[in-house]
Amino acid sequence: MNRLIFLPFALTIPSIASAQNDKVRENILNPVIVTGTGTYRKAENSPVEVKVISAKELKNANVTSLQEALAKLTSNITTYTNGMGTTVNFNGISDAYMLILVNGKRMSGDDRWNRISIDNIKRIEILSGAASALYGSNAIAGVINVITDDGKNNLEVTSSTKVMNKGRFDQDINVDITKGKFSSHTSYNHRQADNWQVNRYQEFKEGDESVLKLTGRPMSTAFKSDNISERLEWRFNDEIDIYLSGNLYGHKTGRDRNATYYTQKATTDKTTGDKTYTYTSKQAYTYDIKHRTYNLGAGARWVPNRNVHLYFDVYMDNFKSAYDYWQTATKEAYDETRKNTQYINETIKGIFRLNNWNKLSAGIEMEQENLKSASDNIDKESTYTYNLFAQDEIRIVKGLEAVVGLRYTYNKHFGSNVTPNTALFYHIAGFRARVSYAEGYRTPTLSQLYATDQTKTSARYTINNTMLKPEKNRFWNANLEYANKWFTLSVSGFLNNIRNMINYRTMTLAEIEASEKLTALYNEGWTTIRQRDNIDKATIKGISTNLKLLLPYGFSASAGYTFCDTKAKSVTLDKKTQQYKMSETPVDKSVKNVVNVSAAWDKSWGSYHLNTQINGHIQGKRYSNTYGYAPEYQQWDIVTRHTFSLKQFTITPGVGIDNIFNKRDTSYWNSNFSTINPGRSVILSVTLKFKD
């Protein structure tokens, strides 16, 4: 693995799009950010380390989803994709411990990644580590804050289209209207893809021999999705403005109704002890999965004077997932609600500049969550949370600043909790040093508290557990950075200790026999009965380094490397002895070494502009609790964009190659795939823009 990690540094120092003027340099190397402290600051002056991916980097990388953008453009994040979808790993832990925001507003539901249109992003701000004092529950691994782009022209219309093989198609349309004190921002996105397989075989064992059978189950499941967002704003004057927002998202899988797979049955001859094996072909799927999400929000800002900014926001996120069962010879088609969740948030926040060396942020936040599920026989379960939070930014002396924050939380199920954070920031000339400590927490979801689950293929039944406790962590971070007008170099070290982690605990036979309900389930054929419990803890130690360069003659480059040493301590049941034991493994889905590199060249000739960019992603083995290690993997892409400026119109066709070296994982179906990329593909795209 070492040769894979250090080779890119020896060959190149890779990527963001180049800049030819000071304004572009400022936006790329030193943008304005808000996520680290909740107040606007230049990135180089933020007491808390925040990484930024600019709109220019996103466009030049030609990505179509937020997960793809993060995996390609930052080494702290890796993705894991199987037939059920994509999950994200941030500094060694899963996205269940991440908070995703859009313009500072929390996203909820299973589709939170897919409801964000890449074409409408101004920048992505990435805060590593615990941030619950400022953002509340789930901010254990970090925070991703997507800042959307609001056009300032009278009329701005943009259409972006991207096509690849395997039916991969992406269409974005954005319409921005500004007239006096009123503005409207509309965004629409459509995505779709076909089913695909890289290896069509499923492996079975007959003693020491392997037997292969064809399977119709895909590595990646076909889908279609549509996402539309609207934001209306009124700026009455310099003191008062209000907004209304809404979002509607729909997603449906397109499974092959004729797909089949095989099951194996072993029979032992009682006389000879010989085993014979039989295989049965079964229908792979009987339903599609469809999601429907809508979001409504409103808010206001009042600035009575330059030292006081007051904000009020209220929003509601509604997510519904359903099984869409197909019609059969004996049964009509029907839907069954798998999960229906609702999240409501009301926040009042003030930012007060007490004097020229002290800025205070404080507020009240109220949250409510509701859950319904027909498949789990949940009519309605709910919880509520009240929060008080405050954070003080203090300039101690010239060049030395401190941040101290605290959040008090009261939850219906879990009572009171307090999470602090503190940071010190020293800067002189181009050098900056940051140290921080923060605590985070994650309240169990209503699904974890109340939902049950059945896995018929493995005779496994999961029961609910209303006695779960919140997961908590302590996070330490140290960062050194140097920046000038040509480059930034940053090195960070972090330590993340997480306790009370929720995992599945297999129940002993004694526990099952002591309960009539569990005994009945066991007698029905559920040989494994488990429940969620606070049985795990994890320690993640890591180093992350990032470099961005803007070079002469239109060249630019960037590189990132992240090392994560993860250790999880889990309680497992030995079924033979019926005793629990503590085992130590890497954290599930974690990757120890990740490198991201890219290099770009920009050149203009009159009204024509050329951008060429190469991106590389290199990662070591990824660990899975179920399957062990996935192989090392790397992927390289090249994209060219050709922009023609014609007064009010801009046309940008693009052509590129995804997965230049045709790297694929050809493991048998149901393996721990390093990637499900189908192989080398031509990328064709075109962007049309009109400004008035």
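Here, every reference points to the structure presented above.
Below you will find a few notes about this structure. Residue numbers restart at each chain and count upward from 1, following the sequence in its written direction. Selection of residues for local features in this predicted model requires a pLDDT of at least 70, selection of side-chain atom pairs for listing and counting requires 80 or more, and totals for whole chains, interfaces and linings are taken over all residues. Only hydrogens and water are set aside; all other atoms, that is, all heavy atoms of the structure, feed into the side-chain values.

What about the environment of Ala 130?
Here is step 1: Secondary structure counts use DSSP, requiring at least four H or I residues in a row for a helix and at least two E residues in a row for a strand, with both numbered from the N terminus. Following the sequence through the fold, Ala 130 ends up in the loop between strand 9 (121-128) and helix 5 (132-135).
Here is step 2: Partly exposed describes any residue whose relative accessible area lies between the buried limit of under 20% and the exposed limit of over 50%, with all areas from a 1.4 Å probe on protein chains only and scaled to the type maximum. A residue is classified by how much of its surface remains accessible, and Ala 130, at 9% relative accessible area, is buried.
Here is step 3: Once the C-alpha coordinates of Ala 130 and Gly 142 are considered, the two residues, twelve residues apart in sequence, prove to be 5.7 Å apart.
Here is step 4: With sequence-adjacent residues up to four places away left out, Ala 130 is seen in contact with Ala 139, Ile 140, Ala 438, Glu 439, Gly 440, Asn 473 and Phe 475. Here, residues are in contact when the closest pair of their heavy atoms is within 4.5 Å.

Digging into the side chain of Arg 106
Here is step 1: Mapped onto the elements, Arg 106 comes out in strand 8 (residues 105-106).
Here is step 2: Judged by its relative accessible area of 10%, Arg 106 falls in the buried class.
Here is step 3: Counting of polar contacts relies on pairs of N or O atoms within 3.5 Å, with two restrictions inside protein: one atom must be capable of donating a hydrogen and the other of accepting it, and residues adjacent in sequence are counted only when both atoms are side-chain atoms. A distance of 3.0 Å separates a polar atom in the side chain of Arg 106 from the backbone oxygen of Ser 137.
Here is step 4: Within polar-contact distance, the side chain of Arg 106 engages the side chain of Tyr 343 at 3.2 Å.
Here is step 5: The contacts of Arg 106, once residues within four sequence positions are left out, are Leu 99, Ile 100, Leu 101, Tyr 135, Gly 136, Ser 137, Asn 138, Tyr 315, Asp 317, Tyr 343 and Glu 367.

Points about the sheet that holds strand 7 (residues 98-102)
Here is step 1: Read across the sheet, five strands follow the order 3-9-10-7-8 without closing on themselves; strand pairing throughout is mixed. Each edge of the sheet is formed by a strand with only one pairing partner; in this case those strands are strand 3 (50-54) and strand 8.
Here is step 2: Alignment of strand 7 against strand 8, held across two bridges, turns out to be antiparallel. Following the sheet pairing, Val 102 is matched in strand 8 by Lys 105. For two strands to be treated as a pair, DSSP must find no fewer than two bridges joining them.

So, the packing of aromatic side chains
Here is step 1: Only centres within 6.5 Å qualify two rings of Phe, Tyr or Trp (six-membered ring in Trp) as a pair; their planes then separate them into stacked at under 30 degrees, edge-to-face at over 60, and tilted for everything else. Here the structure, examined in full by the defined rule, presents 19 aromatic pairs.
Here is step 2: With centroids separated by 4.7 Å and ring planes inclined at 15°, the aromatic side chains of Tyr 325 and Tyr 334 adopt a geometry described as stacked.
Here is step 3: An angle of 50° between the planes, with centres 5.7 Å apart, marks the rings of Tyr 482 and Phe 487 as tilted.
Here is step 4: Residue Tyr 482 is classed as partly exposed on the basis of its relative accessible area of 27%.
Here is step 5: On the basis of relative accessibility, which here comes to 23%, the residue Phe 487 falls in the partly exposed class.
Here is step 6: Joined through ring pairs, the aromatic side chains of Phe 555, Trp 601, Trp 605, Tyr 608 and Phe 644 make up one cluster.

Some words on a nonpolar patch on the surface
Here is step 1: A surface patch of nonpolar side chains, about 960 Å² in accessible area, is lined by Phe 312, Ile 348, Ile 364, Met 366, Tyr 384, Tyr 386, Leu 388, Leu 406, Tyr 408, Tyr 410 and Val 418.
Here is step 2: Sorting the residues of the nonpolar patch by element identifies strand 23 (358-373), strand 24 (378-397) and strand 25 (400-411) as the ones contributing at least two each.
Here is step 3: Secondary-structure assignment places Met 366 in strand 23.
Here is step 4: On the basis of relative accessible area, Met 366 is assigned to the partly exposed category, the value being 30%. Like charges within 9 Å and nonpolar side chains (Val, Leu, Ile, Met, Phe, Trp, Tyr) within 5 Å are joined into patches, using only residues over 30% in relative accessible area that form no salt bridge. The protein chains shown are the only cover counted for residues, whose accessible areas, like all others here, come from Shrake-Rupley with a 1.4 Å probe. Between Lys or Arg on one side and Asp or Glu on the other, a salt bridge is scored when a side-chain nitrogen of the former is within 4 Å of a carboxyl oxygen of the latter.

As for the pattern of salt bridges
Here is step 1: Inspection of the entire model under this criterion finds 24 salt bridges.
Here is step 2: For Glu 401, the salt bridge goes to Arg 41, with nearest N and O atoms at 3.0 Å. With Glu 401 in strand 25 and Arg 41 in strand 2 (residues 41-42), this pair connects stretches of sequence that are 360 residues apart. In terms of burial, Glu 401 and Arg 41 fall into one category: buried.
Here is step 3: We note a salt bridge from Lys 290 to Asp 335, for which the minimum N-O separation is 2.6 Å. With Lys 290 in strand 20 (residues 287-305) and Asp 335 in strand 22 (residues 334-355), this residue pair connects regions lying 45 residues apart in the sequence.
Here is step 4: Residue classification places Lys 290 among the partly exposed residues on the basis of a relative accessible area of 30%.
Here is step 5: Salt bridges sharing common partners tie together Arg 41, Glu 393 and Glu 401.

Comments concerning unusual backbone geometry
Here is step 1: Even without a glycine there, the phi angle at Asn 91 is positive, about 50°.
Here is step 2: By secondary structure assignment, the location of Asn 91 is in the loop between strand 5 (85-90) and strand 6 (93-94).

Any link to function would need more than the numbers given here.
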